[in-house]
Amino acid sequence: MSELANKSFVDIEVGEEIPRMSFIVTQDHINKYANVSKDFNPLHIDEEFAKKTPFKGTIAHGLMTLAFISQVMTKWQWNGWVYGGSMDVTFISPLRPNETVTIGGKVIEKDEKTSQITVELDVKNTNGNNVVVGKTQFRFD
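Treat the numbers as computed from the prediction; the structure is a model and nothing was measured. (Residues numbered from 1 in each chain as written. Predicted model: local features only at pLDDT ≥ 70, side-chain atom pairs only at ≥ 80, totals over all residues. Heavy atoms only, no water.)

### Some points on the overall build of the protein
Then comes step 1: Counting its regular elements, the protein contains four helices and five strands.
Then comes step 2: Counting from the amino terminus, the protein carries its helices and strands in the arrangement β-α-α-α-α-β-β-β-β.
Then comes step 3: Dimensions of the protein along its principal axes, counting C-alpha atoms only, are 55 × 25 × 25 Å.
Then comes step 4: Across the 141 residues that make up the protein, the buried fraction comes to 38%.
Then comes step 5: Look at the contacts in the protein between residues 6 or more apart in sequence, and 66% of them connect residues 24 or more apart.
Then comes step 6: Computed over 15 positive and 18 negative side-chain charges, the separation of the two mean positions in the protein equals 5 Å. (Helix = DSSP H or I, 4+ residues; strand = E, 2+ residues; numbered from the N terminus. Buried < 20%, exposed > 50% of the residue type's maximum accessible area, 1.4 Å probe, protein only. Contact = heavy atoms within 4.5 Å. Lys, Arg positive; Asp, Glu negative; His and termini not counted. Charge placed at Lys NZ, Arg CZ, Asp CG, Glu CD.)

Printed below as a string of structure tokens:
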């Protein structure tokens, strides 16, 4: 991993693009996430079960997708994010094995009174479809 960003509040501008990062999701990654999270829902790990659901196959855990978003935010602006970043998101479509999720965003608000930054997320799968929509926020103390 390259060096983490450490900008000050005054150095961040509205309209600034968050550097994009991509992650390839495999069934092995999903299985490992299930082991770590202790979430063994068959929708994530049992292909035969998952084929019978409306999803027609296994899907990644929602929290796995949020972990990717957190990794992008940490790399972009760790000193604001790790000390109290938050997300307000909606899941739009599932992330499936053998898909790539690409995450970026843009600063849409910078509140001088509260030293809060708001980033609109751009989270897309291999086909360019939204996986998650929403915003992240963090403050400089």
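### Focus: the pattern of salt bridges
Then comes step 1: The final tally for this structure, using the stated rule, is five salt bridges.
Then comes step 2: As a salt-bridge pair, aspartate 28 and lysine 32 come within 3.1 Å of each other at their nearest N and O atoms. Within this pair, aspartate 28 and its partner lysine 32 are both found in helix H1 (residues 27-37), separated by four residues, close to a single helical turn.
Then comes step 3: According to the relative accessible area criterion, aspartate 28 is partly exposed, its value standing at 42%.
Then comes step 4: By sharing partners, the salt bridges in this structure join Arg20, Asp122 and Lys124 into a single network. (Salt bridge = Lys/Arg side-chain N within 4 Å of Asp/Glu carboxyl O.)

### Here's the deal with the packing of aromatic side chains
Then comes step 1: Summed over the entire model, instances satisfying the criterion amount to five aromatic pairs.
Then comes step 2: With a centroid separation of 5.9 Å and 70 degrees between ring planes, the pair formed by phenylalanine 9 and phenylalanine 140 is classed as edge-to-face. Placement of the pair is phenylalanine 9 in the segment before strand S1 (17-25) and phenylalanine 140 in the segment after strand S5 (130-139), with a sequence separation of 131 residues.
Then comes step 3: Judged by its relative accessible area of 15%, phenylalanine 140 falls in the buried class.
Then comes step 4: An aromatic cluster is present here, built from Phe9, Trp76, Phe138 and Phe140 joined pairwise through their rings.
Then comes step 5: In this structure, lysine 110 packs its charged tip against the face of phenylalanine 9, placed 4.8 Å from the ring centre. (Phe/Tyr/Trp six-rings, centres within 6.5 Å; stacked < 30°, edge-to-face > 60°. Lys NZ or Arg CZ within 6 Å of the ring centre and 35° of its normal.)

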